[in-house]
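Next come the chains, spelled out residue by residue.
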Amino acid sequence: MKILMNEKGYSLILTMLIFLLFTVLSVSVLTVALSGVKRNQTSEDYVQARELANKGIEHITSQIQSDLKNELGEEGITRSEFITKLNTILNRYKDEVNSVHNTGAIGEYRVYIRNIENVIENGEENPLKKKITFLSRGFVDGKEKTVISEVEIGAQSVLETLHYALGANKLCKTPNTCIPGEGNLFLHGGVSITGDMKVDGNLIITNRGYALLNREEKWIASVYPSILPTQGKANANLLLGGNIFTFNHTPPYGQHITTSNFGSSYTKLTDRIDDAFYNRQAPVIVKRQPIRDDIQIPAQKSVFYYKHNSPGVTIIKANNRLISNQNRPNDKVYASHDECFLWCNQKYDGDYTFTGNNLFKSFATAGSLTIRNLDNQFRQTTFKEGAYIEKNLTIGNEWSDSYNPNNYDKIRVDGPIFVNGDLTIRGADAEFNSIMYVMGDVTIEYSRINGLGQNGSLIIFAKGNINIRNNSVNQDEPSNIKGFFYSEQALEMFGVGSNIRIEGGISARRIVLNAIRGRASNQNFSGAQKITNNDYFEGAQNQIGKLSRLQIIYDPEIINTYADIKSREPVIKNLDPPKIINRDIE
């Protein structure tokens, strides 16, 4: 009986110990759970505080952009006015006392400009742009997070496009807005490139150049294209969005250059890139997301456009639609002429011609313009603040079919120009220091183009196609063309019969280059390969070591030329989007 009572006592004690243990464990678990909830809540508060701080950066950046756009208005403002307005607006938000703040249901943020610095582009200060250091604090339930962000704000950045010898751009945002073969670069035969390349799509290479001879498609035996670095670099770079393909069959040319699906008849060489280039000297592949320039060619029209009855306009009358030796450096000029039948009416939409030396502050016409020179000495046309051509612009002798530069019009053109139609440069031995915005197509043939002055060049941004052809056909010396050519459509160029040397660069949504190395002739010569009875080209083996008939050599001065000419445009009408340089969280 005594033993039984002891057992009951032990059971009671054991039960109480177990109860006590579970109680302690429950309290511990509850404490840990509550602590975890508290930690999670604290962590969530910090996350929300950081998000609020980031929203503060977005808020103040958007506000500054809005303030600047309001100052630009519809008509824009001059460079000096823009510089003043930019500094005034930025100082409005500088230092903590001028913080922008916002309070919401979750918490609040306070943001201000901590520092303002100048922006250096290509070794020179861009006064139209500033690098801003923003400091933004977010607050949630007593928790605080700080975000420090460096952002560039202002206007007139140097375009990404201008950094490459070749740039094949993929601009379409949806498949149904792409052009066939969008973003692809085709290098057929012995093309020679010096500088970096940017290819948003695929790079397609072969050791044959294409030509249409006697209405027949011909693939002419050549060598693979070559690419060399610019001076001071060990290798050329290739920014590649897709893959590299080569082929040795003879596809229908039109179908070939418009395809984006390269099947079994093409060989993928992305991992064996050395096999795709002359002397196995290949560029270094760099993979990154493409940067797309928003050039907005139509928007440039408002920078140059004015009417004959706009304020401050001087109307000049062109007898027989001829304008010669005008010296009007301070005048905003508009062209006119009389049309007479029984009586005379003043008209503004004629086909006008410049001869001699002409200097204008700015010039506009509702018609077309041709610039000619029949003298043996160069004659110059200067637009200090730009020109607007409503229809077409022709520079040189539009009827020329000569390959001899001594027969070309000697013409110099200085200043930015907007052409609402087509641009034709033909029969011209021309020197340029000009940016041209062209709404139509561009044709350059039977011409030689050099820079005007030490750093001058021709920079063209075209909505339509660019055709560079029939320059130095069957000649041993190339036509030199100093310029940069950008098309929002396709760009196709031939150096098979033609012989072209471009100093600058080219950029388009699809680029096709066809070339061989060595000689081309309409007569047989030693070492030639006969293609037709009138077309003979250097044999493939003999092309090794010879100069290419299509050379593209990147000119780094093109960036400075662009900046210099842009600075002459009369007003600032467009802002660059804010560019985030750095962002830190404290």
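Each remark here, short or long, concerns the structure printed above.
Just so it is clear, the structure is predicted and the values come from calculations on it, not from any experiment.

Student: Any details on the overall build of the protein? Residues and values, ideally.
Tutor: The secondary structure content of the protein amounts to five helices and 43 strands. The C-alpha radius of gyration computed for the protein amounts to 33 Å, which surpasses the reference 25 Å derived for 586 residues by more than 25%, pointing to a less compact arrangement than a globule. Principal-axis analysis of the C-alpha atoms gives the protein an extent of 140 × 65 × 45 Å. The burial tally for the protein puts 50% of its 586 residues in the buried class. Across the protein, every contact between residues at least 6 apart in sequence was considered, and the portion connecting residues at least 24 apart equals 64%. Of the roughly 28000 Å² that the protein leaves accessible, carbon and sulfur atoms contribute 47%. Within the protein, one finds 64 positive and 63 negative side-chain charges whose respective centroids are separated by 3 Å.

Student: Give me the lowdown on the side chain of lysine 130, citing residues and values where you can.
Tutor: Within the element layout of this structure, lysine 130 appears in strand β3 (residues 124-140). The charged side chain of lysine 130 is buried without a salt bridge, its nearest counter-charge being glutamate 125 at 4.4 Å. Only 2.6 Å separates the side chain of lysine 130 from the side chain of asparagine 118, close enough to count as a polar contact. Ignoring any residue separated from it by four or fewer positions in sequence, one finds lysine 130 in contact with Leu86, Asn87, Leu90, Ile116, Glu117, Asn118, Val119, Glu125, Val151, Glu152 and Ile153.

Student: Could you give an account of the nonpolar core, naming the residues involved and the relevant values?
Tutor: Side chains that are nonpolar tend, in soluble globular proteins, to be buried together. Residues Phe363 and Phe485 are the most contacted members of the largest nonpolar core, which totals 94 residues. Per-element accounting of this core gives the leading share, seven residues, to strand β30 (residues 428-438). Leave out the neighbours within four places in its chain, and phenylalanine 363 touches Tyr306, Ile323, Val333, Ala335, Phe354, Leu369, Phe383, Gly386, Ala387, Tyr388 and Ile389. Residues Ile57, Ile60, Leu86 and Tyr93 belong to the second largest nonpolar core, which totals 24 residues.

Student: Please provide a residue-by-residue account of the sheet that holds strand β41 (residues 535-538), values included.
Tutor: Read from one edge of the open sheet, three strands run β39-β41-β40, paired in antiparallel fashion. The open sheet has two edge strands with one neighbour each: β39 (520-521) and β40 (528-532). Both β40 and β41 contribute to a ladder of four bridges, which runs antiparallel. What sits directly across from alanine 528, in β41, is glutamate 538.

Student: Before we move on, can you summarise the layout of surface pockets with the specific residues and values?
Tutor: Of the volumes computed, that of the second largest pocket is approximately 470 Å³. What lines the second largest pocket is a set of 20 residues, and nearest its centre among them are Val303, Tyr305, Lys332, Pro570 and Val571. Breaking the lining of the second largest pocket down by element, the ones donating at least two residues are α4 (301-304) and β22 (358-365). Looking at which element gives the most residues to the lining of the second largest pocket, the answer is α4, with three residues. Per-class residue counts for the lining of the second largest pocket are nine nonpolar, six polar and five charged.

Cut-offs applied
- Each chain has its residues counted from 1, running along the sequence as written.
- Confidence filtering applies because this is a predicted model: local features only for residues at pLDDT of at least 70, side-chain atom pairs given and counted only at 80 or more, and all residues used for totals across whole chains, interfaces and linings.
- Calculated side-chain values reflect all of the structure's heavy atoms, with hydrogen atoms and water omitted.
- Only DSSP runs of H or I reaching four residues or more are called helices, and only runs of E reaching two or more are called strands; each is numbered from the N terminus.
- Our radius of gyration looks at C-alpha atoms and nothing else; its globule reference is 2.2 Å times the residue count to the power 0.38.
- Working definition: with a 1.4 Å probe on protein chains only, accessible area under 20% of the residue-type maximum means buried, over 50% means exposed, and in between means partly exposed.
- By the convention used here, residues are in contact when the closest approach between their heavy atoms is within 4.5 Å.
- Working definition of accessibility: Shrake-Rupley area with a 1.4 Å probe, residue cover restricted to the visible protein chains.
- Charge convention: Lys and Arg are scored as positive, Asp and Glu as negative, and His as well as the terminal groups of each chain are ignored.
- Note that the charge is assigned to NZ on lysines, CZ on arginines, CG on aspartates and CD on glutamates.
- Any Lys or Arg side-chain nitrogen found within 4 Å of a carboxyl oxygen on Asp or Glu counts as a salt bridge.
- Here a polar contact means two N or O atoms within 3.5 Å. Within protein one must be a hydrogen donor candidate and the other an acceptor candidate, and residues neighboring in sequence count only if both atoms are side-chain atoms.
- In these notes, a set of buried Ala, Val, Leu, Ile, Met, Phe, Trp, Tyr and Cys residues joined through side-chain atoms within 4.5 Å is what counts as a nonpolar core.
- By definition, two strands form a pair when at least two bridges between them are found by DSSP.
- Only protein atoms enter the 1 Å grid, on which a cavity is a set of points fitting a 1.4 Å probe that cannot get out and a pocket is an open set with protein on both sides within 12 Å along at least 5 of 7 lines, lining residues being those with an atom within 4 Å of a point.
- Grid points are joined across faces, edges and corners, and a volume is the space filled by probe spheres set on the points.
- Under the scheme applied, nonpolar residues are Ala, Val, Leu, Ile, Met, Phe, Trp, Tyr, Cys and Pro; charged residues are Asp, Glu, Lys and Arg; polar residues are all the others, including Gly.

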